[in-house]
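What the coordinates show
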Amino acid sequence: MKLNSYAGFILVSMALAGCGGGGGGASAPVAPAQPPAPTLALQSGSLSRIIANGTSINLAITVQTANFAPTGTVFADAIDSSALLSLPVTVTANGGGNYTLALDTPSTLPGGHYAGNLTVRFCGDQACNTLFIIPSITVPYDLTVVSKGAAWLGDKLTALAAMSGASDWSTFQGNVAHTGFVPVEVKPDQMSLRWKRGAINNSSTGYNAVLSTLVTANGQFYASGSNKLTAYKELDGSEVWHYDVSGLRNPSVNPPAIDGGVIYMAAGQQDSTFMMAFDAANGNLRFKSPMSSQWENYLPPVVYGGGVYTNAGTYGGMYGFNLNGERLFVGALSQTSMWSPAADTRAIYAYTGEALTMFEAKTGAVLASIRDSEFTNYVYQVGGAPVIGANGGVYAAAYENGYLNDGAIGNQLVRFDTLKGVLDWRIAGVYTVTPAYANGVLYAPNHNPFRVEARAEADGKLQWSWTPPLAGETAFYGAPVVTKNLLFVSTNLNSYAIDLVSHKQVWSYPVPGHFAISQNGILYIQNPTALVAINLK
């Protein structure tokens, strides 16, 4: 007899109920507990980048997994909804189920705006033929590829607000140690074009150039050029006030420094050379103290411990003034120009190529002089500044010598140990710009071999390097700037942000120049034809 399914169910149920006598039935089987499903969460947010035409940048996202314990190597791929980003994905396990997934953009994208979504999947093999049982995740991207000379795409004039960790960019390379270090975390996806304006001075690069770098404070920036000192608004780059020194017998201006609401600038030449101080708010002259000079140009002064110090002198040297403009001393040095002193609690430091000289800040007494027996003074200019590191280390190079015969003569990057009073290491190369320094590492652009070098301060050992990607990039424009996570570098063609962990460029822009970062988180790129302001937050 054929039973239907329902009748079969009744008979089976009755048979089970009749088993086990005595009125006690067996317990029904319990299904095993299912493990929680794996999950994947995006932690780093969407991708939004600016890219200089012809260059590639590295895009990295961070994801957090849960209930995911793969065996073997984890791979990933990224499916692009717009079919633009189809390159391999590199997977880095950070521990605790956290992963960084990175890929490079193609360098062949023409100028324009590109937007889409990346769908990221975890795989068990490089070709992603075997997918792990974990959900994929979608990441929006927005890329703007900018060609040289393209129409301006900016004007994101956000309200000014202090960036945590940043301070005033007060002198050459940002501070009196000239490290170019700003202790902030910069997210490349938050960088945006703020404003662009024409040149603010005659800042240039190369042998015999005047490095007319700007300084920032209190929502304004200040620069010298065309015989004027001018204040501008950080908000939009518009002028606030200017002071003209054309009335001097031999007028000229050098780049300024700022401290405590006062701007200090060396101006004039020959018998009409002065250290001048101005009220930063309105440009009123506070003092005008005479100095001597020939026809040289100088890098910015430094202000430290109640004194202001500058390169000057008819036959070279350094002047020290108090903050009322009264002369403290004139320090005798070899005849070299275009340098800036450095300062710390121990001394005021002057690097003139043949020696690093340490002066007592109030009297000008020479505390020590460490000589470089291998230096030759070809051009009587330095073109940079000493950089103060840790443990008594001071770093420098005869930067201007590196420009001679297109670098054929070369120079050396040196470390002075000011605690022992010796020059304790030197690296041969062609170092034409002042290096940056942070946390025991010196970041030095080298013309030969053409690369940026990250060197250990203890012994100068090369830790890693980065090479500009384009064949037309043949020189470094200005000194690099370093943050907690990025190194900003300019070549003759582009400006780059290089990640300090991956050592890859993560942002690029087709404007070269000198850098500054203000307390309000604005990156300035300054060259003889334009000044570009970039929001860093």
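Cut-offs used in this document
Residues numbered from 1 in each chain as written. Predicted model: local features only at pLDDT ≥ 70, side-chain atom pairs only at ≥ 80, totals over all residues. Heavy atoms only, no water. Helix = DSSP H or I, 4+ residues; strand = E, 2+ residues; numbered from the N terminus. Buried < 20%, exposed > 50% of the residue type's maximum accessible area, 1.4 Å probe, protein only. Contact = heavy atoms within 4.5 Å. Areas by Shrake-Rupley, 256 points an atom, 1.4 Å probe, with all protein chains shown as cover. Lys, Arg positive; Asp, Glu negative; His and termini not counted. Charge placed at Lys NZ, Arg CZ, Asp CG, Glu CD. Phe/Tyr/Trp six-rings, centres within 6.5 Å; stacked < 30°, edge-to-face > 60°. Pairing = 2+ DSSP bridges. Disulfide = S-S within 2.5 Å. Salt bridge = Lys/Arg side-chain N within 4 Å of Asp/Glu carboxyl O.

When its secondary structure is counted, the protein shows 1 helix and 42 strands. Across its three principal axes, the protein shows a C-alpha extent of roughly 125 × 50 × 45 Å. Burial analysis of the protein (537 residues in total) assigns 54% to the buried set. Relative to all contacts within the protein whose residues are 6 or more apart in sequence, the contacts with residues 24 or more apart total 54%. Working note: accessible area of the protein is about 22,000 Å², and carbon and sulfur atoms make up 53% of it. Distance between charge centroids for the protein: 3 Å, based on 27 positive and 32 negative side chains.

Glancing now at the packing of aromatic side chains. What characterises a pair of aromatic rings is the spacing of the ring centres plus the angle enclosed by the ring planes. Going through the model one piece at a time under the given rule, you end up with 23 aromatic pairs. On the numbers, 6.2 Å between centres and 20° between planes, the contact of W507 with Y509 is stacked. Both residues of the pair, W507 and Y509, belong to the buried class.

This part is about the sheet that holds strand 28 (residues 387-388). Pairing is antiparallel across the open sheet formed by 4 strands, whose spatial order is 28-29-30-31. Of all strands in the sheet, those bounded by a partner on one side alone are strand 28 and strand 31 (422-429). Relative to strand 29 (residues 393-396), strand 28 runs antiparallel, the two being bridged by 2 bridges. Each residue of the ladder has a partner; that of V387, found in strand 29, is Y395.

As a further point, take the pairing of strand 30 (residues 411-417). Each regular strand displays side chains that alternate between the two surfaces of the sheet. Counting buried residues in strand 30 gives 6 out of 7 residues, a clear majority hidden from the surface. One ladder, built from 4 bridges, connects strand 29 with strand 30; its direction is antiparallel. Looking across to strand 30, one finds that V394 is bridged to F416. In the sheet, strand 30 pairs with strand 31 via 7 bridges, with the strands oriented antiparallel. Bridging from a neighbouring strand, L413 pairs with I427 of strand 31. Where strand 30 hands over to strand 31, the hairpin turn is made up of 4 residues, of which G421 adopts a positive phi near 75°.

Attention now moves to the state of the cysteines. Under the definition given, this model contains 1 disulfide. Linked covalently through their sulfurs, C123 and C128 form a disulfide whose S-S length is 1.7 Å. Residues C123 and C128 are joined by a disulfide whose S-S torsion is about 80°; by sign, that bridge is right-handed.

So, on to the pattern of salt bridges. On inspection of all chains with the given rule, the structure shows 11 salt bridges. R249 serves as the salt-bridge partner of D271, at 3.3 Å between the closest nitrogen and oxygen. Here the residue D271 occupies a position in the loop between strand 15 (262-267) and strand 16 (273-279), and R249 occupies one in the loop between strand 13 (239-244) and strand 14 (257-259), the gap between them amounting to 22 residues. Residue D271 shares its accessibility class with R249, and that shared class is exposed. Taking the shortest distance from any N to any O, the salt bridge between R451 and E453 comes out at 2.8 Å.

So, on to the sheet that holds strand 23 (residues 342-343). An order of 23-24-25-26 is seen for the 4 strands of this open sheet, with the pairing classed as antiparallel. The sheet is open, and its two edges are formed by strand 23 and strand 26 (366-371), each paired on a single side. As judged from the 4 bridges shared by strand 24 (residues 348-351) and strand 25 (residues 355-359), these two strands associate in the antiparallel manner. Within the sheet, the bridge partner assigned to A350 lies in strand 25 and is T357.

This part is about the side chain of T213. With respect to the element layout, T213 can be found in the loop between strand 9 (192-198) and strand 10 (215-217). Judged by its relative accessible area of 9%, T213 is buried. Every residue in contact with T213, bar those within four places of it in the chain, is listed here: F172, P255, P256, P300, H514 and Q526.

Inspection of the secondary structure puts Y315 in the loop between strand 19 (307-311) and strand 20 (318-322). Not counting residues within four places of it along the chain, the set of residues in contact with Y315 comprises Q294, L333, S334 and Q335.

What follows is about the pairing of strand 8 (residues 137-146). Of all 10 residues in strand 8, 7 are buried, a share of seventy percent or more. Direction of pairing for strand 2 (residues 47-52) relative to strand 8: parallel, over a ladder of 6 bridges. Paired with I51 across the two strands is V145, which belongs to strand 8.

A few words now on the environment of P528. Note on placement: P528 falls in the loop between strand 41 (522-526) and strand 42 (530-535). In this structure, the C-alpha to C-alpha distance between P528 and I200, residues 328 residues apart in sequence, is 7.9 Å.

Here the amide bond leading from N448 into P449 is cis, since omega sits at 0°, within 30 degrees of zero. When you line up the elements, P449 lands in the loop between strand 33 (441-447) and strand 34 (450-456). Non-glycine residue Q173 carries a positive phi angle of around 60°. Relative to the elements of secondary structure, Q173 occurs in the loop between strand 8 and strand 9. The phi dihedral of S226 falls on the positive side, at around 55°, and the residue is not glycine. Relative to the elements of secondary structure, S226 occurs in the loop between strand 11 (220-225) and strand 12 (228-233). Judged by relative accessible area, S226 falls into the exposed class, the value being 63%.

Here the focus is the environment of L333. Position of L333 among the secondary structure elements: in the loop between strand 21 (327-331) and strand 22 (337-339). Judged by relative accessible area, L333 falls into the buried class, the value being 15%. Between the alpha carbons of L333 and G317 there is a distance of 4.5 Å; along the sequence they are 16 residues apart. If near-sequence neighbours (up to four positions away) are discounted, L333 is found in contact with Y315, G316, G317, M318, W339, A350, T352, T357 and F359.

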